[in-house]
Amino acid sequence: MRASLLQVAVNEDESVESRRRRVAALVRDQAGADLVVLPELWTTGAFAYEGFGTEAEPLEGPTYEAMAKAASEAGVWLHAGSVPERDPGGTLYNTSLVFSPSGELAASYRKIHRFGFDKGEAVLMGAGEKLVTVRLPDTVMGVATCYDLRFPELFRGLVDAGAETFVVPAGWPERRRAHWTLLARARAVENQAFVLACGTAGTHAGVPQAGHSVVVDPWGEVLAEAGPGEEVLTVDFDPATVAGTRDRFPALKDRVLGLDRPRR
Ligand SMILES: NC(=O)CCC(=O)C(=O)O
């Protein structure tokens, strides 16, 4: 299976509309790949909080339209990263979109763990509540977004739902880059799954982005890693490695479920 992670640069000197056109062209250039992955909130930037409201779209908004078309023109599965979605009631969500090679929406996922503690996304956006998996021809994709990477129980939930390949769009900052790579590898090792983690490059809202998108195999080995700038990271991997690893080293079968927790 061939995947291309499009590590898009999100800088303020480019308009959202121009970036959308540029990214659509980049997706079209990936014809021949099985799966193309975009980062989190690449229209606005994950830290450009004021843009969440001004650039919010209904689910089937301009980014949806452009990405559905690009997926069908390239004939690829497209995890189109996430957009600031405004639902009909006015609530904002950080929503990921997945399109099939015919341009149909295969799934959407509202980010469950919002980043920012008492500001930013955590107060401006609503929280998703549903785990999402998508059956591709050769693997089952489990979807998570950026800060979700810090919450292993979400990934265990995805494994229980059949996930073999986690796709994690992100807007991860340079100052915590060490955590990004470590957490991507940890989620791969503990779940014996592939991790395809696609971040942004550039600087927006004064926050330099880490780049360094990474693809990790079920043994925790890094198969490919991008540099800091805009880059297309293409990797070939064999999804059957997941079943092989889980058979040979069946640690997931040793899980003890329902442990009592000490009272706090
Ligand atoms: N956009 C995000 O979710 C940022 C997450 C982050 O910076 C961190 O977990 O550290």
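Residues numbered from 1 in each chain as written. Predicted model: local features only at pLDDT ≥ 70, side-chain atom pairs only at ≥ 80, totals over all residues. Heavy atoms only, no water.

Looking at an unreviewed UniProt entry, one finds the protein named Carbon-nitrogen family hydrolase and attributed to Streptomyces griseoincarnatus. According to the UniProt record, the Sequence similarities (unreviewed entry) comment for the protein is "Belongs to the carbon-nitrogen hydrolase superfamily. NIT1/NIT2 family." (UniProt positions renumbered as here; feature names shortened; annotations may be inferred.)

A.B. asks: Let's hear about the site of the ligand: which residues, and what values?
C.D. replies: What surrounds the ligand is the set Glu40, Ala46, Phe47, Lys111, Phe115, Cys146, Tyr147, Arg150, Gly171, Trp172, Pro173 and Arg176. For the ligand, an oxygen atom lies 3.1 Å from a polar atom in the backbone of Tyr147. Within the contact set of the ligand, an oxygen atom lies 2.5 Å away from a side-chain nitrogen or oxygen of Arg176. Tallied by class, residues from the shell around the ligand come to 7 nonpolar, 1 polar and 4 charged. (Near = heavy atom within 4 Å. Polar contact = N/O pair within 3.5 Å; in protein donor to acceptor, adjacent residues only side chain to side chain. Nonpolar A, V, L, I, M, F, W, Y, C, P; charged D, E, K, R; others polar.)

A.B. asks: Go over the environment of Glu57 with me, naming the residues and quoting the values.
C.D. replies: With respect to the secondary-structure elements, Glu57 resides in the loop between helix H2 (49-54) and helix H3 (62-74). Taking the relative accessible area as the measure of exposure, Glu57 reaches 3% and is therefore buried. Residues Glu57 and Trp77 lie 20 residues apart in sequence; the distance between their C-alpha atoms is 22 Å. Not counting the four nearest positions on each side in its chain, Glu57 is found in contact with Arg20, Pro62, Thr63, Tyr64, Val83, Pro84, Glu85 and Arg86. (Helix = DSSP H or I, 4+ residues; strand = E, 2+ residues; numbered from the N terminus. Buried < 20%, exposed > 50% of the residue type's maximum accessible area, 1.4 Å probe, protein only. Contact = heavy atoms within 4.5 Å.)

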